[in-house]
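# Structural features, examined
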Amino acid sequence: MTSKLTFPTGFLWGAATASYQIEGGWNEDGKGESIWDRFSHTPDKVKNGDTGDVACDHYHRWPEDIALMKTLGLQSYRFSIAWPRILPTGRGTVNPAGLDFYSRLVDGLLDAGITPFVTLYHWDLPQALQDEGGWEVRSTAEAFVEYTEAISRRLGDRVKNWITHNEPAVVAFVGNWIGEHAPGKKDLDAALKISHHLLLSHGWAVPVIRQNSPGAEVGITLNINYTQPASLSPADYTAYRVGDGLWTRWFADPVFGRGYPLDVLTSGKKFGLIQDDQMPYVLPGDLDAIAVPTDFIGLNYYNRGLARADVPDNAPQTVFQAPKDPDHWTEMDWEIYPDGLFNILMRLHVEYQAPKIYVTENGASYSTPPNDEGRVPDQRRLNYLRSHFAAAHKAIECGVPLSGYFVWSLMDNFEWAFGYAQRFGIVWVDFETQQRTPKDSALWYKQVITDNGF
Ligand code: FCB
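Now for a look at the structure at hand.

Looking now at the overall build of the chain. Scanning the chain from terminus to terminus reveals 15 helices and 13 strands. The C-alpha atoms of the chain give a radius of gyration of 21 Å, which matches the 22 Å a tight globule of 454 residues would have. With respect to the principal axes defined by its C-alpha atoms, the chain has extents near 60 × 55 × 45 Å. Buried positions account for 60% of the 454 residues belonging to the chain.

What follows is the structure, given as structure tokens:
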């Protein structure tokens, strides 16, 4: 048995969700269509044809969900705003019903003693903006500022923790290079341009939030999984540099004021991954805007990836090794690698000198159902969380300014291209009845929060 690990006083324990994954109510009360509505309504895009039309029906059940959070002892709740509820066509006319929904949610959380962490963009772009080119055009970044203005003006008196974007790398690359997420494009050159407009919109939004939400803390959430070269060969090392460059440095470097890592463009062109190694869309002043100081950085961490060069065209890529031992893999086929969380936290601390860090997502997919007694014995999720909490604790002992931890996810939900086939919740959701059942991991987590350690 290891001895008890205690976290610093004031360490914030929470859980996270995202609008499209839980809300449902996809066309209610004036909400506009999002790219995820369009994508999931298009045949063959999402597993089993699942959609977020109803999802966890959180749009109607939010009071019950806040009560649930309170039962679990959560100190904080990270959720995202659906932009098309606020501005149904992305810009212009504001939908008061959308603002009211989130305003009531925030009041409910505060009444329950739960600190709201609001993410502005967790992937549900208004379809009307996509029709004009989406994040590929600069005007979408301008529309994001308009949206930020509307929502932060309404919630800024009560919400004091803001995250501009969730995982811009996934938005740019999974949505527009790999094409498995909305809008489903497959073009890395376009994805790089998109990444710039995402980061630019972050830079432009931060001062707007500060203006409308005095005393607020603002940050951005990056997904950084731990990557290593698959072998000691120079080719695999190059693959690692390109993979790490694209997925991590391409986003972290400009946010931390270092501009874009140009080696990524050079090697991307050399390997034929990109056609154009110029960035004419980066205008004077853009890099300064992106480098706006933030109060914290959010880290989403799940697994380890290995970079190798031995694909047919010799282009570098990052792969996940085939599952061997089920004890070390989750049902997403993601390797369980808590040391990677420690390493990434150290990297953000030492290499990027992040002033303050939150783990804004970490969790595991297991489909363990309720048993005959109605309990959900998800011991493997509990083990996953415990090992990652321990890695976070070790990082804190090494001086990392980690201030809080959000488990992904509060409840089972719509897992993007996997639909309802992957369950990340610490609360079981029966999607037929919408009944919620805290899993064993949730009950354990409650105790961790009470003891501020385990
Ligand atoms: C992250 C997303 C989140 C969820 C988890 C499993 O990339 O931010 O919405 O899908 O993965």
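Additional details are given in the paragraphs that follow.
Before going further, it helps to examine helix H3 (residues 58–71). The terminal C-alpha atoms of H3 lie 17 Å apart, and with 14 residues this falls more than 12% below the ideal 20 Å at 1.5 Å per residue. Along its length, H3 shows its largest kink, about 40°, at Glu 64. Next to the buried residues of H3 lie helix H1 (19–22), strand E2 (76–80), helix H4 (83–86), helix H5 (96–111), strand E12 (427–430) and strand E13 (435–438).

Turning our attention to the packing of aromatic side chains. Applying the stated criterion to the full structure yields 46 aromatic pairs. Where Phe 389 meets Tyr 405, the ring centres are 4.7 Å apart and the plane angle is 80°; that geometry is what we call edge-to-face. Here Phe 389, found in helix H14 (residues 379–397), pairs with Tyr 405, found in strand E11 (residues 402–408); they are 16 residues apart in sequence, far enough to count as distant. The same class applies to Phe 389 as to Tyr 405, namely buried. Ring geometry for Phe 389 against Phe 454: centres 6.3 Å apart, planes inclined by 55°, an arrangement best described as tilted. Note that Phe 389 is positioned in helix H14 and Phe 454 in the segment after helix H15 (440–451), a separation of 65 residues in sequence. Under the relative-accessibility criterion, Phe 389 is labelled buried at 0%. Taking relative accessible area as the criterion, Phe 454 reaches 22% and is therefore assigned partly exposed.

Further remarks concern the side chain of Asp 50. You can see Asp 50 is positioned in the loop between helix H2 (35–40) and H3. For the buried residue Asp 50, which engages in no salt bridge, the nearest side chain bearing the opposite charge is Lys 47, 8.4 Å off. Within the structure, Asp 50 has its side chain in polar contact with the backbone nitrogen of Tyr 420 (distance 2.8 Å). In contact with Asp 50, not counting residues within four places along its chain, are Ser 40, Phe 414, Phe 418, Gly 419, Tyr 420 and Ala 421.

What follows is about the nonpolar core. By size, the foremost hydrophobic cluster in this structure holds 142 residues, and its most contacted members are Trp 36, Trp 83, Tyr 121, Leu 345, Phe 389 and Tyr 445. Beyond its immediate chain neighbours, meaning those up to four positions away, Leu 345 contacts Leu 299, Ile 357, Val 359, Ala 392, Ala 395, Val 400 and Leu 402.

On to the sheet that holds strand E6 (residues 226–229), then. The three strands are arranged E6-E8-E9 in an open sheet whose pairing can be described as mixed. What marks the edges here is a single partner per strand, and that holds for E6 and strand E9 (317–319). Pairwise comparison of adjacent strand axes, ignoring direction, gives a mean angle of 35° for this sheet. Across four bridges, the pairing between E6 and strand E8 (residues 304–308) is parallel. Each residue of the ladder has a partner; that of Tyr 226, found in E8, is Arg 304.

Attention now goes to the sheet that holds strand E1 (residues 12–16). The strands that make up a sheet are held in pairs by hydrogen bonds between backbone atoms, and each pair lies either parallel or antiparallel. In space, the eight strands of this closed barrel follow the order E1-E2-E3-E4-E5-E7-E10-E11, with parallel pairing throughout. Pairwise comparison of adjacent strand axes, ignoring direction, gives a mean angle of 25° for this sheet. By the bridge criterion, three bridges tie strand E10 (residues 357–361) to E11 in an arrangement that is parallel. The residue of E11 that forms the bridge with Tyr 358 is Gly 404. Along the sheet, helix H8 (residues 168–176) contacts strand E3 (115–121), strand E4 (161–166) and strand E5 (217–223); its crossing angle with E5, the most-contacted strand, is approximately 40°.

Below, the discussion takes up the environment of Leu 192. Looking at where Leu 192 falls in the secondary structure, it is placed in helix H9 (residues 188–212). Note on Leu 192: relative accessible area 2%, which makes it buried. For the pair Leu 192 and Leu 246, spaced 54 residues apart in the sequence, the C-alpha separation amounts to 9.1 Å. In this structure, Leu 192 is in contact with Phe 173, Leu 246, Trp 250, Leu 265, Ile 274 and Tyr 281, ignoring residues within four places of it in sequence.

A separate point is the site of the ligand. Around the ligand, the structure places Gln 21, His 122, Trp 123, Asn 166, Glu 167, Asn 300, Tyr 302, Glu 361, Trp 408, Glu 415, Trp 416 and Phe 424. Note that an oxygen atom of the ligand is positioned 2.8 Å from one of the side-chain N or O atoms of His 122. At 3.0 Å, a side-chain N or O of Glu 361 approaches an oxygen atom of the ligand. Notes on the ligand: free accessible area 300 Å², of which the protein chains cover 94%.

Considering all chains together, one arrives at 27 salt bridges under this definition. For the salt bridge of Arg 347 with Asp 244, the shortest nitrogen-to-oxygen distance reads 2.8 Å. Of this pair, Arg 347 sits in helix H13 (residues 338–350) while Asp 244 sits in helix H10 (residues 234–255), placing them 103 residues apart in sequence. In this structure, Arg 423 and Asp 412 form a salt bridge, with 2.6 Å as the shortest nitrogen-oxygen distance. Here Arg 423 is found in the loop between E11 and E12, whereas its partner Asp 412 is found in the loop between E11 and E12, with eleven residues between them in sequence.

Here we take up the pairing of E1. Put simply, side chains in a regular strand alternate between the two faces of the sheet. Of all five residues that make up E1, five are buried, and the element is covered over most of its length. Burial along E1 is two-sided: the face carrying Leu 12, Gly 14 and Ala 16 and the face carrying Trp 13 and Ala 15 are both buried. Bridging between E1 and E11 involves five bridges; their strand directions are parallel. Considered in E11, the bridge of Leu 12 is made with Gly 404. Sheet topology places E1 next to E2; three bridges connect them, and they run parallel.

Thresholds applied
- Residues numbered from 1 in each chain as written.
- Predicted model: local features only at pLDDT ≥ 70, side-chain atom pairs only at ≥ 80, totals over all residues.
- Heavy atoms only, no water.
- Helix = DSSP H or I, 4+ residues; strand = E, 2+ residues; numbered from the N terminus.
- Rg over C-alpha atoms; globule rule 2.2 N^0.38 Å.
- Buried < 20%, exposed > 50% of the residue type's maximum accessible area, 1.4 Å probe, protein only.
- Expected span 1.5 Å × (residues − 1).
- Bend = angle between axes of the 7 residues up to and from the residue.
- Contact = heavy atoms within 4.5 Å.
- Phe/Tyr/Trp six-rings, centres within 6.5 Å; stacked < 30°, edge-to-face > 60°.
- Lys, Arg positive; Asp, Glu negative; His and termini not counted.
- Salt bridge = Lys/Arg side-chain N within 4 Å of Asp/Glu carboxyl O.
- Polar contact = N/O pair within 3.5 Å; in protein donor to acceptor, adjacent residues only side chain to side chain.
- Core = buried A, V, L, I, M, F, W, Y, C linked by side-chain atoms within 4.5 Å.
- Pairing = 2+ DSSP bridges.
- Axes fitted to C-alpha atoms, helices over the stretch in contact; angles between N-to-C directions.
- Near = heavy atom within 4 Å.
- Areas by Shrake-Rupley, 256 points an atom, 1.4 Å probe, with all protein chains shown as cover.

What is shown is where atoms sit, not what they do.
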